[in-house]
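Structure assessment
The residues making up each chain are set out below.
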Amino acid sequence: MTDVLRHYAPAADRYDELLCGGSVPGAHWQPLLQQLNQESLDSLNLRAQTVANAIAEDGVTYNVYEDPRGVARPWEVDLLPMVLGAGEWQALSNAVAQRAELLDRVLADLYGAQTLLSDGLLPPALVYGQAGFQWPCQGIQPVSGRHLHLYAVDLARAPDGGWWVIADRTQAPSGAGYALQNRLVISRAFPAPFHNLPVANLATFFRSLQNSLSSFAPSGLETPLCVLLTPGRFNETYFEHVFLARYLGFPLVEGQDLTVRDDAVYLKTLQGLRRVHAILRRLDDGFCDPLELRTDSVLGVPGLLGAVRAGKVLMANALGSGVLESAALFGFLPEISKRLLGAPLAMPSVASWWCGEKPALEYVLANLDDLVIKPAFATMRMEAVFGHKQRGAARDRLIRKLQAQPHAYVGQELVHLSQAPIWTGTAGRPLATRSMGLRVFVAATPSGWQVMPGGLTRIAADAGVEVISMQRGGFSKDTWVQTDAARQATSLIKKRLQVADLLDGERDTPSRVGENLFWMGRHAERAEGTARLLRAALNRLSGHDQADEEALLGLQQAARVFETLPQPAEGEAPIPLPQALLAAVSDPDNPGSVVSILRALQFNASQVRDRLSADNWHALHRLGKPLVPAPASPDRAVRALNLVLLDCISLAGFAMDDITRDTGWVFLIAGRRLERLANLCALVSVPLFSDRFSRSAMLEWLLEIANSEVTYRTRYRRAPELLAVIHTLVMDPSNPHSIVYQIRHLQQELPEMGRKTGQLFPPDLNGFERRLSTLDLHPFEKKRPDQACEALGQLLLEVRAAAYRVADEIQRQYFIHSRLSHRAGTGH
């Protein structure tokens, strides 16, 4: 038994969420407290560890830049949820829905008639003077009639228990996916109190969002296709983008996955172009269209605004909605609400004064100790400044900044945030308090606004901290809202898949996914081949006889063919071979080095993270670690390459046994086979074009690099000889590392690629398979088979060139989309 409240000590000057501003816990907290008091401290700490393990296993991350723990920091959620009573929630949700309606009407006016400006309810300088107002969006009417489809608002509770709005998120609000992830984890940690309260379900909110986007989309008779547009893996909330796309059943796309043709938006899929009808974006306004908005954006879709203007795609939220994220608007909203809604605001904003108006600036300067100074516009990079902490020269500098650019600043009342209990797990005081804020989400539906019954509760990193920021180490809570209605188990995760679901999964695979899987296969094979080649060379550095020297010369030649060892510039002294080989292992400035290839492989893998198992991802994450720091000697380089090769072999196993054989897998395997075919042709041709003595010295390393030593020795039980090596590496259809083996499997996989994508892909290698399989080997029995070797070498170079042509054709046909597919616009 644990008395969790025995030493609970809330701050006297703050509203305490557990005690509801009084001295005893609220009734809606009782089911959870009963559970806590019935268990031992060790048992509760075990629950907390289970929560942390679940977050780690699910791969939940929040990217924090310059974090010593790495960019992808594990998401942190407290064991204890934030609990809100049914009556309080009803009033709060009504107020939030009213605010969503108000802001939607404000956007319609600002990009429409602009009566708020002409009637003096908003200063023109406040709207036109910020980058958030997108001039090209003026006059555009959203196809749905709504500018806001997903709105979020940050709330804080004052010491008197009243809720205040401290920020509006109207552009591309984040956090709904994290709120859902928190719910999945914490509801499993406390199943009994979760059901006994009972807690309102979140899935109905996401279903409403999903259905409303489909119903608002201008799809006509077509089945609407909705996508989630992400800036990419470097965005701080990228995990949430992946998670939400999966949960909602929307393809996750980047700007490069979309194209605009005839003012319509299309998704580049492996099957061709497919019409997109709705875009749920997580990309800020300015970056969405480099043609009409920010010309320096590489994240957006050229012509996207034109498609919106033509009414051929739904944007959620409408482009230009970021103008309302300015804190300077707060002071004007009460009068605007009376004008547009005919009613006062149900929930006030925190008291704010835009310094762009002279009386407001004078008030801010006179009351600086009681205010927080914030940037007026969301695009400004400035931390909040607490007036009472500014003294001496710092205070003078702040005043001068306010006077020099008053329009750029807002003074806000200092709100002493309420505090919520957090789990510490320590004996004697298992609960502590931290400042908290609540982010609530609202979705537009055909029948009105629907508020998520819950939200994302955010907690300050340390006691006494007033600024709640996930980038500064803050963490989160699940948010439980008590409901009077019988709770029904609801989820967007379908209990049973239908045939249509399976077909949709194949049809909507973005070309970017196929391209990254294709290059992931190529880079994996290239990394393994290069590592084997360099290991063979490094192992022969200490040789002193002529055979070792000839072998090293051949290895250098092969490394140059692989573009691993760069050719020395004319007139430049060659780098000593040991130094050159070490650089070929770990020089990041050499694009052909092992470390550079591994980085390219990891980049490709990061683009398809949601398609890889946890074990596969861990193996990919380990790649390259043995090369950091860079090996300083040949012996250390060999040991590091041995570890790299173990991981490369693991990846080969994952490719064959861990990835579903869908369209993407076909591209992954085709990439591996084409790269292996080209590499084998290059390797075998090196001794074929050499003189007889050098050729004999190269056969051993040739088998080693081609990973065919065991195959050869098992069959022939003798030293490598030219005839048997050629048969093993070129013609043997049972050797998975022979040239003919690669061609025969490509002849099966390339047509399969065409069948899965609905596009015929004629293999370009049939003739080579016949020529190699019927090759007359008798000339290689002669003591001087130079003529036969040269002829075979030329043939292998032709095969290598054909492999690259096939790779280029795959790139052109499936990834570039230079013309409209016959599928585009069909909705099938």
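Residues numbered from 1 in each chain as written. Predicted model: local features only at pLDDT ≥ 70, side-chain atom pairs only at ≥ 80, totals over all residues. Heavy atoms only, no water.

**Details of the pattern of salt bridges**
Basically, it comes down to this: When a carboxyl oxygen of Asp or Glu is within 4 Å of a side-chain nitrogen of Lys or Arg, the pair counts as a salt bridge. The secondary structure listing takes helices from DSSP runs of H or I that are at least 4 residues long and strands from runs of E that are at least 2 residues long, numbered from the N terminus. Per-residue accessibility, obtained with a 1.4 Å probe over protein chains only, is compared with the maximum for each type, and a residue is labelled buried under 20%, exposed over 50%, and partly exposed between these values.
This structure, assessed with the given rule, holds 39 salt bridges. Arg-532 serves as the salt-bridge partner of Glu-528, at 3.2 Å between the closest nitrogen and oxygen. Taken together, the residues Glu-528 and Arg-532, both in helix H15 (residues 511-539) and four residues apart, mark about one turn of the helix. Just as Glu-528 is buried, Arg-532 falls in that class too. For Arg-622, the salt bridge is made with Asp-647, and the minimal N-O distance between the two is 3.0 Å. With Arg-622 in helix H19 (residues 614-622) and Asp-647 in helix H20 (residues 634-657), the pair connects residues that are 25 residues apart, well separated along the chain. Its relative accessible area of 39% is what places Arg-622 among the partly exposed residues. A residue is classified by how much of its surface remains accessible, and Asp-647, at 9% relative accessible area, is buried.

**Digging into unusual backbone geometry**
Residue Pro-198 follows Leu-197 across a cis peptide bond; omega there is -20°. One can find Pro-198 in the loop between helix H7 (191-196) and helix H8 (203-216). Look at the link from Ala-316 to Asn-317: it is a cis peptide, with omega at 5°. Looking at where Asn-317 falls in the secondary structure, it is placed in the loop between strand E12 (314-316) and helix H11 (333-340). At Cys-20, a residue that is not glycine, the phi angle is positive and equals roughly 55°. Within the secondary structure, Cys-20 sits in the segment before helix H1 (30-38). Notably, Asp-262 is not glycine yet its phi reads approximately 55°, a positive angle. Its relative accessible area of 67% is what places Asp-262 among the exposed residues.

**A short note on the packing of H19 against H20**
Cut-off, in case you're wondering: Structural elements are reduced to axes, namely lines fitted to C-alpha atoms, with helices fitted over the stretch in contact, and the angle between N-to-C directions of any two is expressed from 0 to 180 degrees. The labels follow the angle: roughly parallel below 35 degrees, roughly antiparallel above 145, roughly perpendicular from 65 to 115, and oblique for the rest. Here is the rule for handedness: rotate from the far helix to the near one, and if that takes an anticlockwise turn smaller than a right angle the crossing is left-handed, while a clockwise turn gives right-handed. In this analysis, two residues are considered to be in contact whenever any of their non-hydrogen atoms come within 4.5 Å of each other. For this scheme, ten residues count as nonpolar: Ala, Val, Leu, Ile, Met, Phe, Trp, Tyr, Cys and Pro. Four count as charged, namely Asp, Glu, Lys and Arg, and the remainder, Gly too, count as polar.
Interhelical geometry of H19 versus H20 gives an angle of 155° and a closest axis separation of 9 Å. As the angle between them shows, H19 and H20 are arranged roughly antiparallel. Seen from above, H19 lies across H20 with left-handed handedness. Two secondary-structure elements touch here, H19 through Asp-615, Asn-616, Ala-619, Leu-620 and Arg-622 and H20 through Asp-647, Leu-651 and Phe-654. In the contact of H19 with H20, the residues fall into four nonpolar, one polar and three charged.

**What to know about a nonpolar patch on the surface**
How we decide: The residues that make up patches have over 30% relative accessible area and no salt bridge, and they are joined within 9 Å when like-charged or within 5 Å when they are Val, Leu, Ile, Met, Phe, Trp or Tyr. Areas reported as accessible are Shrake-Rupley estimates using a 1.4 Å probe. Residue values count occlusion only from the protein chains shown.
Nonpolar side chains collect at one region of the surface, where Leu-643, Leu-646 and Ile-649 lie side by side and expose about 290 Å² of accessible area between them. The class of Ile-649 is partly exposed, set by a relative accessible area of 44%.

**Re H19**
Note the threshold: What the arc describes is the spread of directions from the helix axis to the C-beta atoms.
All buried positions along H19 are accounted for by Asn-616, Ala-619 and Leu-620. Projection of H19 onto a plane perpendicular to its axis shows the buried side chains occupying an angular sector of 100°, all on one side. Where H19 is buried, its residues touch H15, helix H18 (594-607) and H20. With its phi angle positive at about 90°, Gly-624 sits one or two positions after the end of H19.

**Details of the sheet that holds strand E6 (residues 226-229)**
Either a parallel or an antiparallel arrangement is found when strands of a sheet pair, and the pairing is made through backbone hydrogen bonds. Going by this rule: By definition, two strands form a pair when at least two bridges between them are found by DSSP.
With parallel pairing, four strands are arranged side by side in an open sheet as E7-E6-E11-E12. The open sheet has two edge strands, strand E7 (252-253) and E12, and neither has a second partner. Note: strand E11 (residues 278-281) against E12, three bridges, orientation parallel. Considered in E12, the bridge of Leu-280 is made with Ala-316. H8 contacts E6, E11 and E12 of the sheet and is inclined by roughly 150° relative to E12.

**A few points about the environment of Leu-534**
Following the sequence through the fold, Leu-534 ends up in helix H15. Taking the C-alpha atoms as reference, Leu-534 lies 38 Å from Pro-231; in sequence the two are 303 residues apart. Leu-534 has contacts with Thr-564, Leu-581, Ala-584, Val-585, Val-594 and Leu-641, leaving out every residue within four places of it along the chain.

**Regarding the nonpolar core**
Quick note on the threshold: Nonpolar core, defined: a set of buried Ala, Val, Leu, Ile, Met, Phe, Trp, Tyr and Cys residues in which side-chain atoms within 4.5 Å join the residues together.
Leu-110, Leu-122, Phe-206 and Ile-279 are the most contacted members of the largest nonpolar core, which totals 146 residues. Take this core: its biggest share by element is 11 residues, from helix H3 (residues 86-110). Those residues in contact with Leu-110 that sit more than four places away from it in its chain are Leu-117, Leu-122, Val-127, Phe-133, Gln-138, Val-323 and Leu-324. Ranked by size, the runner-up nonpolar core spans 104 residues in total, among them Ala-537, Val-730, Val-799 and Ala-802.

**Overview of the packing of aromatic side chains**
Basically, it comes down to this: Pairing of aromatic side chains here covers Phe, Tyr and the six-membered ring of Trp, requires ring centres within 6.5 Å, and sorts the geometry by plane angle: under 30 degrees stacked, over 60 edge-to-face, intermediate tilted.
Under the definition given, this model contains 17 aromatic pairs. With a centroid separation of 5.1 Å and an interplanar angle of 90°, the aromatic rings of Phe-133 and Trp-135 are classed as edge-to-face. Centroid distance Phe-518 to Phe-815: 6.0 Å. Interplanar angle 55°. Geometry classified as tilted. Within this pair, whereas Phe-518 is found in helix H15, its partner Phe-815 is found in helix H27 (residues 786-816), the two being separated by 297 residues in sequence.

**Topic: the packing of H8 against helix H9 (residues 238-248)**
H9 packs onto H8 with a crossing angle of 80° between their chain directions and a minimal axis gap of 10 Å. It follows from the interaxial angle that H8 and H9 lie roughly perpendicular. Touching Ala-203, Phe-206, Leu-209 and Gln-210 of H8 are Leu-244, Tyr-247 and Leu-248, all from H9. Here the residues of the contact of H8 with H9 sort into six nonpolar, one polar and no charged.

**Focus: the pairing of strand E10 (residues 272-276)**
For E10, a buried count of five out of five residues is recorded, marking the element as mostly surrounded by other parts of the structure. Relative to E10, strand E9 (residues 264-269) runs antiparallel, the two sharing five bridges. Note that in E10 the partner of Thr-269 across the bridge is Gly-272. If you look at the hairpin formed by E9 and E10, you'll find two residues sitting between the two strands.

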